[in-house]
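Residue-level structure breakdown
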Amino acid sequence: MADELPKPHVGMTPEDKCLLLLEYVRPGKSVAGLDFSRANLKRAPLPGANLSGTVLCWANLRGANLSEANLSGANLSGANLSGGNLRGADLRGADLTEANLSEADLSEADLTGVKLRVRSIRGANLERTNLSGADLGGADLGGANLTEANLSEADLGGVNLGGANLGGANLRGANLRGVNLTEANFSEADLGGADLGGADLTSANLRGAFLEEADLSSADLTGVKLRVRSIRGANLERTNLSEADLGGVNLGGTSLVGADVSNAKLTGTTVNLDTVRRSHLDADTLRDWKRRGARFVDFQDWPTHLLRAISGYHQGLTLFFNTRLTRFDRFLVDGVIVGLLGRDTDVEVAEFRQEGERTIVRLTGEHQADLELVADALWHRVWDEATRAQRIENNSPIGQQINVAGNAAFALAAPQLDEITKRLAALQAMGGSLDVLRVQLDRMELRLPSEEANAMLDEEAKGRQALELVASWDLSDDAEVALARLLERLLPTATDLRRLLSLGVSTTALAPLLPGGTASPAQLAWAAARAMSKAGVVEEVLGRLKGEVPGRVEEIEEVLERWRACEKG
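Structure report, in brief. (Residues numbered from 1 in each chain as written. Predicted model: local features only at pLDDT ≥ 70, side-chain atom pairs only at ≥ 80, totals over all residues. Heavy atoms only, no water.)

**A short note on the pattern of salt bridges**
Close approach of charged atoms allows side chains of opposite charge to pair. Tallied over the entire structure, the rule returns 24 salt bridges. As a salt-bridge pair, aspartate 288 and arginine 292 come within 3.0 Å of each other at their nearest N and O atoms. Overall, aspartate 288 belongs to the partly exposed group, its relative accessible area being 27%. Across the pair arginine 562 and glutamate 558 runs a salt bridge, and its minimum N-O distance is 3.6 Å. On the criterion of helical spacing, the pair formed by arginine 562 and glutamate 558 is a turn pair, its members being four residues apart in helix H16 (residues 553-568). Given the relative accessible area of 38%, glutamate 558 is considered partly exposed. Look at the salt bridges and you will find they share partners, linking Arg87, Asp105, Glu108, Glu127 and Arg128 into a network. (Salt bridge = Lys/Arg side-chain N within 4 Å of Asp/Glu carboxyl O. Buried < 20%, exposed > 50% of the residue type's maximum accessible area, 1.4 Å probe, protein only. Helix = DSSP H or I, 4+ residues; strand = E, 2+ residues; numbered from the N terminus.)

**Comments concerning the nonpolar core**
With 110 residues, the main nonpolar core has Leu161 and Leu171 as its most contacted residues. Among the elements that make up this core, the one with the highest residue count is helix H1 (residues 14-25) (five residues). In this structure, leucine 171 is in contact with Leu151, Ser152, Leu156, Leu166, Leu176, Phe186, Ala189, Asp190, Leu191 and Ala194, ignoring residues within four places of it in sequence. (Core = buried A, V, L, I, M, F, W, Y, C linked by side-chain atoms within 4.5 Å. Contact = heavy atoms within 4.5 Å.)

**Topic: the packing of aromatic side chains**
Summed over all chains, the structure comprises one aromatic pair. Aromatic side chains tyrosine 24 and phenylalanine 36 sit 6.2 Å apart centroid to centroid with 80° between the ring planes, which places their arrangement in the edge-to-face category. Residue tyrosine 24 is located in helix H1, and its partner phenylalanine 36 is located in the loop between H1 and strand S1 (270-271); the two are separated by twelve residues in the primary sequence. Its relative accessible area of 2% is what places tyrosine 24 among the buried residues. (Phe/Tyr/Trp six-rings, centres within 6.5 Å; stacked < 30°, edge-to-face > 60°.)

**Looking at unusual backbone geometry**
For glutamate 98, which is not glycine, the phi torsion reads 65° and is therefore positive. Here glutamate 98 shows up in the loop between H1 and S1. Residue glutamate 98 is classed as partly exposed on the basis of its relative accessible area, which comes to 39%. Backbone geometry at glutamate 213 places phi at a positive 60°, although glycine is not the residue there. With respect to the helices and strands, the residue glutamate 213 is situated in the loop between H1 and S1.

**Digging into H1**
An ideal rise of 1.5 Å per residue puts 16 Å on twelve residues; H1 measures up with 16 Å between its terminal C-alpha atoms. Looking at H1, one finds that the buried residues are Lys17, Cys18, Leu20, Leu21, Leu22 and Tyr24. (Expected span 1.5 Å × (residues − 1).)

**What to know about the side chain of serine 67**
Relative to the helices and strands, serine 67 is located in the loop between H1 and S1. With residues up to four places along the chain from it excluded, the contact list for serine 67 reads Pro47, Gly48, Asn85, Leu86 and Arg87.

**Points about helix H12 (residues 479-490)**
Note on helix geometry: an α-helix contains 3.6 residues per turn, so any two residues three or four positions apart are oriented the same way. Over its twelve residues, H12 runs 16 Å from end to end, which matches the ideal 16 Å to within 8%, given 1.5 Å per residue. The buried count for H12 comes to ten of twelve residues, which makes it a mostly enclosed element. Burial in H12 covers these residues: Ala479, Glu480, Val481, Ala482, Leu483, Ala484, Leu486, Leu487, Glu488 and Leu490.

Right, here's the structure in full:
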């Protein structure tokens, strides 16, 4: 009888096609290539049926039982499979274009490589479904159950997965760029190597997730509890981690350049040197992270200045200024430390901040004696009655009253302070002041080495140039100080200086010796001068600098001659 079954034809009603299909299916006769399009198979009992290669486009399969059915290569375009039972069905290579899969049970079904450009799949059960390499572009999977689903290498671009359950799912190498993942559950999911760039993961659950080598650049993880299994090697550049919980996370090998970690919980967060270098984290940032509970590991290769920032073995001296100090004064403080204790001192400014009308300056150093020496210099060189009267009369920023913690004092100027004071007094006598100088600088046409430098010319840069007008660099006989000031003067932005130091073969090794990308130009110039000195590349760098700033060759030669004389001595 099976051999005598007719083939479906255009004149058959949807109901007749349903009865005919069931006649084919019962004896297990092949229906491959037969056209049962628009057949009314609503709630049809077709468990385990072999429908491979069948044409069922626009068929009504609403509520049909297709569990364990073989639908590989079937044409189901436009078919209504809503509420259907497709549990364990084989849909490899099937055409589901514009199909309706809403509320369908696709658990454990195999949709490997399928283009799932369906009309609707909302509310479908995709638990343990194999969607490896599938294209789900634009599908609405909001609230869908994808527990333990295989979505490896799947293209989920434009998909809505808000509130979806992806617990334990395999998303290795999946494309989730820009996808809505708000409040989605990724607990214990494998996202290794997945592209999550720009995705919205606000309030998502990532507990126990695997994120090694994942791209999370520019993603929004606001408020996320990032209690992941591993995030090693992940790209977190420009990622929004504000209010996120990073407690206990190992950030080893990640890049956090431009990431927002403001108010993020860092208790127990592990950071190694690889992360520091990839993320260009400076000493100030590391100190802040340490205060917030971060832990640092693998100290054997850490640069000394970063190790000092986090080791906590330094002595400290805190000063309270009953006035508001400016960034101009901050430069003077740096000059004091180098001028008084030498260029190899480990004393540094750990904190410089405003608290209302009071400024707090905290110094650290390995030896308390060095800190006291700085304090003693202020006591003996600055705060005698005559000098104090001169400062108050001149209304200079360094002539303000200070209270120093620990019955100590602090020098606000270098050994060249007397000369600077004379110049300030002379300017005052002529009716000048730092404020007047800054106004004049505002009116000057400052020609800097690059457009970026001009764009970045702010109060800090103007303050630095005011300092040069008041106390020029001829005050120091130290060749390294002169070199640092030359770099700072001719290359006023960190970008300019880093670019110059990356042009030559022998200078590329300087990069690990320099502060991170958030370092100020002044800090970078001092560090670069010291690194160039130790590496013996001063002649090379200044030679290139003469070519880049031909109008300042005379100044460069002056410093170069001083350097050569120092080397001979």
